[in-house]
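# A look at the structure
Residue-level listing of the chains:
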Amino acid sequence: MVLSRAAKGHSFGRSRPGEDGGYSLHKTPVRNTSFRPLPPTWGSAPYRLDLKSIVSDADYASIVNNKKLTFHLNGDMGGIKYGVPQELVASGMEADFDPAKPASENPAFLYITGDCVYFNGEISQYFSQFYEPYTHYPKPILAVPGNHDGENLTTGSSLDGFVRNFCAPKPVKLPESGDSNRTAMTQPNVYWTLLTPFVNIVGLYSNVPEGGEIIAPQTDWLVNELKTLPANIPIFVALHHPVYSADAYHSGSTHMKQVIETAAEKSGRHPDMVLAGHVHDYQRLTKAMGDVQVPYLVAGNGGYHNLHSIMKVDGAKMIAPVVFKDKEDDPVTLEKYSDDHWGFVRLEVTDKTVLGRFYQVPRPQEPYSKGNQLTDYFEFDLKTRRYTPNTLTPATTASTVAKATRAAKASTSSASRVRWVGSRISVCVTNAGISSAARSARSDSSITRPSMRPR
Ligand SMILES: [Fe+2]
């Protein structure tokens, strides 16, 4: 029976995909989430920007002499519907500075993993969603674009706001910056590399389609960057769409996994860490690759009004760490997450280690005096490419995998079980009455289907 959704001239909720007997994959999305051609910018290949050119000589000397680079990481920040969370995160990041300490102990910049301005990256939204919230953020703000930055309306062109405000040839003051002091950033391209003394950050633009889409020449550029950047300095790859995510809204992306793994194979070098956003929560996941571990951070709870929950098992939230396998049978561990608060990541990189912290900020209804709360902390050894033992992260072991699988199997009723879904590393409760083909179709569409709602 088809549920009635209209009566006596009234129209109610929209039907669920497939409810009318049709195939949801054939529906035309309300929004145009198609791939957008990339705009030209002022830089020339290989699109590199040296941190030295945008921070003071004194700050740069402190970083070099004290052998430490500190920076903030965040994503999905624009507070278009409700600005308070973004303001709270901005205040939290500002409180993370200590003028009494040297520049190396303070963040040198904020790196945004995309979705800076909702819903369509409009120039007219830059003041309220970017310049005003970070009026007092004391350092440069750098970014890769997200799907919303590129999803232009017919009245504009893709990434026009992003290019104007992040990829200006010179640090000019733009009208949309209003009464803030901040000048436009001078990134050479929408995909680009930030050079620093202790880490090089290769920033990708994963475009508008759900799950992301990266094609040549950007894919060739990525291979070249992995090949030619100095071997003695770690590489972080930053992009909007996450490779792995255990959330119950977006999930990870097989496409992004293929882009990174193919480039790693062609270049002979895998990034040391992968930084993403798009999913509005914080997750630290670890992929085991032989003897080494690769952390994958999702930092997407930077201010947009809604948060994305981690998926549940039998109606209950998972307690990290939880080990999964992805579509290619690679074990991936969800080490830690935060899905009920907004917050920010602080990373400190030396020539030996990466020290990471996630701070959650008070929710709007909580006392602001509560301040930043540290809810994740890790140390990663850049030489062994493994977490430093005896920090808060339990080691990923085969016994952990077996234990997690046994526990999941034992805890479920006969109508539910564990399964692995593509790069959507997940423990899903499935209905035993659904055929395996139907389950497979559903899992594929959960990765690629266009969303009807803003992300
Ligand atoms: Fe997004």
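This one's a predicted model, so the numbers in the text were calculated from it and none came from an experiment. (Residues numbered from 1 in each chain as written. Predicted model: local features only at pLDDT ≥ 70, side-chain atom pairs only at ≥ 80, totals over all residues.)

## A look at the overall build of the protein chain
Selection criterion: Going along the chain from the N terminus, every DSSP run of H or I of four or more residues is numbered as a helix, and every run of E of two or more is numbered as a strand. As a rule, residues whose C-beta atom has 12 or fewer other C-beta atoms within 10 Å are exposed, those with 20 or more are buried, and those in between are partly exposed; C-beta atoms are placed from the backbone. The contact criterion used is a C-beta to C-beta distance within 7 Å, with each C-beta placed from the backbone.
In terms of helices and strands, the protein chain carries nine helices and 20 strands. Counting across all 455 residues of the protein chain, residues that qualify as buried make up 44%. In the protein chain, 71% of the contacts between residues at least 6 apart in sequence involve partners at least 24 apart.

## Comments concerning the sheet that holds strand β16 (residues 331-338)
Operational definition: A pair of strands is considered paired only if DSSP assigns at least 2 bridges between the two. Geometry is summarised by axes, namely lines fitted to C-alpha atoms with helices restricted to the contacting stretch, and by angles between N-to-C directions that run from 0 to 180 degrees.
The nine strands lie next to each other as β3-β7-β8-β9-β10-β12-β11-β16-β15, forming an open sheet whose pairing is mixed. The sheet is open, and its two edges are formed by β3 (48-50) and β15 (322-325), each paired on a single side. Strand after strand, the sheet turns through a mean of 20° between neighbouring axes, direction not considered. Taken together, the three bridges between β3 and strand β7 (residues 192-195) define a ladder with parallel strand orientation. By the bridge assignment, Asp 50 is partnered in β7 with Leu 195.

## What about unusual backbone geometry?
Geometrically, the link from Ala 45 to Pro 46 is a cis peptide bond, its omega value of 10° lying close to zero. Structurally, Pro 46 is set in the loop between β2 (10-11) and β3. Residues Tyr 118 and Phe 119 are joined by a peptide bond in cis, for which omega reads -15°. As for its position among the elements, Phe 119 is in the loop between β5 (110-112) and α3 (126-131). For Asp 115, which is not glycine, the phi torsion reads 55° and is therefore positive.

## Considerations on the confidence of the model for the protein chain
Note the following rule: Every residue carries a pLDDT, the predictor's confidence in it, which falls somewhere between 0 and 100.
On average, residues of the protein chain score 85 in pLDDT, and 82% of them reach the 70 mark or higher. Every residue in residues 392-402 is under pLDDT 50, and counting partners more than four places away or in other chains gives 16 contacts. Of the regions scoring below 50 in pLDDT, residues 404-455 engages in 85 contacts with residues more than four places distant in sequence or in other chains.

## Quick word on the sheet that holds strand β18 (residues 353-360)
Taken in spatial order, the seven strands line up as β6-β5-β4-β17-β18-β19-β20 in an open sheet, and their pairing is mixed. In the strand order of this sheet, the two ends are held by β6 (141-143) and β20 (386-387), each with one partner. Sheet analysis places β5 next to β6, joined by three bridges and oriented parallel. Each residue of the ladder has a partner; that of Leu 110, found in β6, is Ile 141. Set on the sheet, helix α2 (residues 84-95) makes contact with β4 (69-74), β5, β17 (343-349) and β18; between it and β17 the angle comes to about 30°.

## Comments concerning the nonpolar core
Applied cut-off: To define a nonpolar core, we join buried Ala, Val, Leu, Ile, Met, Phe, Trp, Tyr and Cys residues through C-beta atoms within 7 Å and take the resulting set.
Core analysis: the biggest nonpolar cluster contains 93 residues, and Tyr 111, Leu 204, Val 237, Val 274 and Leu 275 have the highest contact counts within it. Looking at which element gives the most residues to this core, the answer is strand β12 (residues 292-299), with five residues. Each residue touching Val 274, except ones within four places of it in the same chain, is listed here: Val 237, Val 243, Ile 260, Val 294 and Tyr 296.

## Brief notes about the pairing of β12
With seven of eight residues buried, β12 lies mostly within the body of the structure. Across three bridges, the pairing between strand β10 (residues 273-276) and β12 is parallel. In the strand pairing of β12, Leu 275 is matched with Leu 297. Direction of pairing for strand β11 (residues 282-289) relative to β12: antiparallel, over a ladder of eight bridges. Each bridged residue has a counterpart across the sheet, and for Arg 284 the counterpart in β12 is Leu 297.

## Some remarks on the pairing of β16
Regular strands show a simple pattern: their side chains alternate between the two faces of the sheet. For β16, a buried count of seven out of eight residues is recorded, marking the element as mostly surrounded by other parts of the structure. Looking at chain direction, β11 and β16 are connected through six bridges and run antiparallel. The residue bridging Arg 284 from the neighbouring strand is Lys 336, located in β16. For β15 and β16, the ladder comprises four bridges, and the chain directions are antiparallel. Following the sheet pairing, Lys 325 is matched in β16 by Pro 331.

## A few points about the packing of helix α6 (residues 218-228) against helix α7 (residues 254-267)
Rules: Roughly parallel means an angle under 35 degrees; roughly antiparallel, over 145; roughly perpendicular, 65 to 115; everything else is oblique. Crossing handedness: left-handed means the near helix sits turned counterclockwise from the far one by under a right angle, and right-handed means the same turn made clockwise. Gly is put with the polar residues, along with every residue not named as nonpolar or charged; the nonpolar set is Ala, Val, Leu, Ile, Met, Phe, Trp, Tyr, Cys and Pro, and the charged set is Asp, Glu, Lys and Arg.
Here α6 crosses α7 at 50°, and the two axes come no closer than 9 Å. Relative to α7, α6 is oriented oblique. The two elements α6 and α7 meet at a crossing, and its hand is right-handed. The segment α6 lies against α7, with Thr 219, Leu 222, Val 223, Leu 226 and Lys 227 engaging Val 259, Ala 263, Ala 264, Lys 266 and Ser 267. When grouped by side-chain class, the residues that make up the contact of α6 with α7 number six nonpolar, two polar and two charged.

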